[in-house]
Amino acid sequence: MGYLKIGKYYGPNPSASIYQFKEVLDADYLDISCVEYWFKIGEEAGKDFLYQRAGAMGYIANSQSFAELSEYDKPYAAQNFCVDKSDRDTLYTDAEQEVYWKSYIGNSQNARQTRWDNAKSYISYRLDKANSNDVAQDTLLLNEKYIYYGIESSSIDTVDGLFDYVNGSSGYTSTGFPSKTYYTTELKEGVTNCLNGLT
């Protein structure tokens, strides 16, 4: 499996998107992927911090080691915790890393809050008030664990999370979202896309 690349359009169509994020770029898109651009262009293109970080980590994992990154990429990789501590230690002291950690926590929480707000909006628009309230009641603690601590699922975090509820997995096999009378695959996919930062 490949990894997401950043493509910049250099073709003749004036209405084409300037940037593209795909594993295989379309014709007339030049691969400009690098860690620095994942954070600069990702933000410019409206991608949230978690999307940007995942893209940067994919680039590092699939192209080169930290030592081989450019002088411009290394600080972005280290400041956003895309690499191990031993790599970060080559650029920053523990005190400096702790300052960056605070920013990382804040940026991550902001991205998860936006993703949750998008999921809430998506589902509440499509359900009546009673069913929307049912989802709200079921997910009250789960969304807080997701937003503030990044707990997504038992398979990743060893604690049941919001994704377990949405997928009806782990501790939610009989009480999760798929068990609801108002559940549809379309609703689940829409919520999942919101939580993955794809909308």
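As the structure is a computational prediction, the values presented were derived from the model and not from experiment. (Residues numbered from 1 in each chain as written. Predicted model: local features only at pLDDT ≥ 70, side-chain atom pairs only at ≥ 80, totals over all residues. Heavy atoms only, no water.)

K.L.:
Help me out: how do you make sense of the overall build of the protein chain in this one?
P.N.:
Looking only at helices and strands, one finds nine helices and three strands in the protein chain. The principal-axis extents of the C-alpha atoms in the protein chain amount to approximately 55 × 50 × 25 Å. Looking at the protein chain as a whole, 40% of its 199 residues qualify as buried. For the protein chain, long-range pairs separated by at least 24 residues make up 43% of all intrachain contacts whose partners lie at least 6 apart in sequence. Counting every atom, the protein chain has about 11,200 Å² of accessible surface; 50% of that belongs to carbon and sulfur. (Helix = DSSP H or I, 4+ residues; strand = E, 2+ residues; numbered from the N terminus. Buried < 20%, exposed > 50% of the residue type's maximum accessible area, 1.4 Å probe, protein only. Contact = heavy atoms within 4.5 Å. Areas by Shrake-Rupley, 256 points an atom, 1.4 Å probe, with all protein chains shown as cover.)

K.L.:
It is not clear to me how the pattern of salt bridges should be interpreted in this structure. Could you clarify?
P.N.:
Opposite charge on two side chains lets them pair, provided their charged atoms get close. Per the stated rule, a full pass over the model turns up eight salt bridges. One salt bridge connects K85 with D94, and the closest N-O pair in it is separated by 2.6 Å. The closest approach of N and O atoms between K120 and D117, which form a salt bridge, is 3.6 Å. With K120 and D117 both in helix α5 (residues 94-126) and three residues apart, this pair spans about one turn of that helix. Residue classification places K120 among the partly exposed residues on the basis of a relative accessible area of 41%. By relative accessible area, which is 33% here, D117 ends up partly exposed. (Salt bridge = Lys/Arg side-chain N within 4 Å of Asp/Glu carboxyl O.)

K.L.:
For this particular structure, what's the right way to read the packing of helix α1 (residues 35-44) against helix α2 (residues 49-63)?
P.N.:
When two helices pack together, their arrangement is given by the angle between their axes and by how far apart the axes lie. In the contact formed by α1 and α2, the axes pass within 8 Å of each other and the chain directions differ by 155°. What the angle tells us is that α1 and α2 run roughly antiparallel. In the packing of α1 onto α2, the handedness of the crossing is right-handed. Here α1 contributes V35, W38, F39, G42 and E43 to the contact with α2, which in turn contributes F49, Y51, Q52, R53, G55, A56, Y59 and I60. Of the residues in the contact of α1 with α2, the class split is eight nonpolar, three polar and two charged. (Axes fitted to C-alpha atoms, helices over the stretch in contact; angles between N-to-C directions. Parallel < 35°, antiparallel > 145°, perpendicular 65-115°, else oblique. Left-handed = near helix turned anticlockwise from the far one by under 90°. Nonpolar A, V, L, I, M, F, W, Y, C, P; charged D, E, K, R; others polar.)

K.L.:
I keep staring at the packing of α5 against helix α6 (residues 129-149) and nothing clicks. Help me out?
P.N.:
As a packed pair, α5 and α6 sit with axes 10 Å apart at the nearest point and diverge in direction by 170°. Viewed along their axes, α5 and α6 adopt a mutual orientation that is roughly antiparallel. Where α5 approaches α6, its residues Q109, R112, Q113, R115, W116, I123 and S124 are matched on the opposing element by S132, V135, T139, N143, Y146, I147, Y148 and Y149. When the residues that make up the contact of α5 with α6 are grouped by side-chain class, the tally is seven nonpolar, six polar and two charged.

K.L.:
What is the right way to look at the state of the cysteines in this model?
P.N.:
Any covalent bond linking the sulfur atoms of two cysteines counts as a disulfide. Counted according to the given criterion, the structure contains zero disulfides. The structure places no disulfide on C82, whose sulfur is separated from the nearest cysteine sulfur, that of C34, by 12 Å. Accessibility expressed as a relative area gives 10% for C82, which makes it buried. (Disulfide = S-S within 2.5 Å.)

K.L.:
Hey, could you run me through the environment of A27 in this one?
P.N.:
Among the structural elements, A27 can be located in the loop between β2 (19-22) and β3 (29-31). Sequence spacing of A27 and I147 is 120 residues, and the spatial spacing of their C-alpha atoms is 38 Å.

K.L.:
I keep staring at the packing of aromatic side chains and nothing clicks. Help me out?
P.N.:
The geometry of an aromatic ring pair is captured by the separation of the ring centres together with the interplanar angle, meaning the angle of the planes. Counting across every chain of the model gives 16 aromatic pairs. Here the aromatic rings of F81 and W101 are separated by 4.9 Å at their centres, their planes lie at 80°, and the arrangement is edge-to-face. With F81 in the loop between α3 (73-79) and α4 (85-88) and W101 in helix α5, this residue pair connects regions lying 20 residues apart in the sequence. Accessibility expressed as a relative area gives 9% for F81, which makes it buried. You can call W101 partly exposed: its relative accessible area is 40%. Within the aromatic cluster, the residues linked to one another by ring pairs are F39, F49, Y76, F81, W101 and Y104. Note that K47 overlies the ring of Y51, its terminal NZ or CZ placed 4.9 Å from the centroid. (Phe/Tyr/Trp six-rings, centres within 6.5 Å; stacked < 30°, edge-to-face > 60°. Lys NZ or Arg CZ within 6 Å of the ring centre and 35° of its normal.)

K.L.:
Just checking my understanding: could you explain the nonpolar core for this structure?
P.N.:
The nonpolar side chains of soluble globular proteins are, as a tendency, buried together. Formed by 24 residues in total, the largest nonpolar core has its most connected members in V35, Y59, I60 and A77. For this core, the elements supplying multiple residues, two or more each, are β2, α1, α2 and α5. Per element, the largest residue contribution to this core is six residues, and it comes from α2. Core analysis: the next-biggest nonpolar cluster, separate from the first, contains 20 residues, F163, Y165, F177 and Y182 among them. (Core = buried A, V, L, I, M, F, W, Y, C linked by side-chain atoms within 4.5 Å.)

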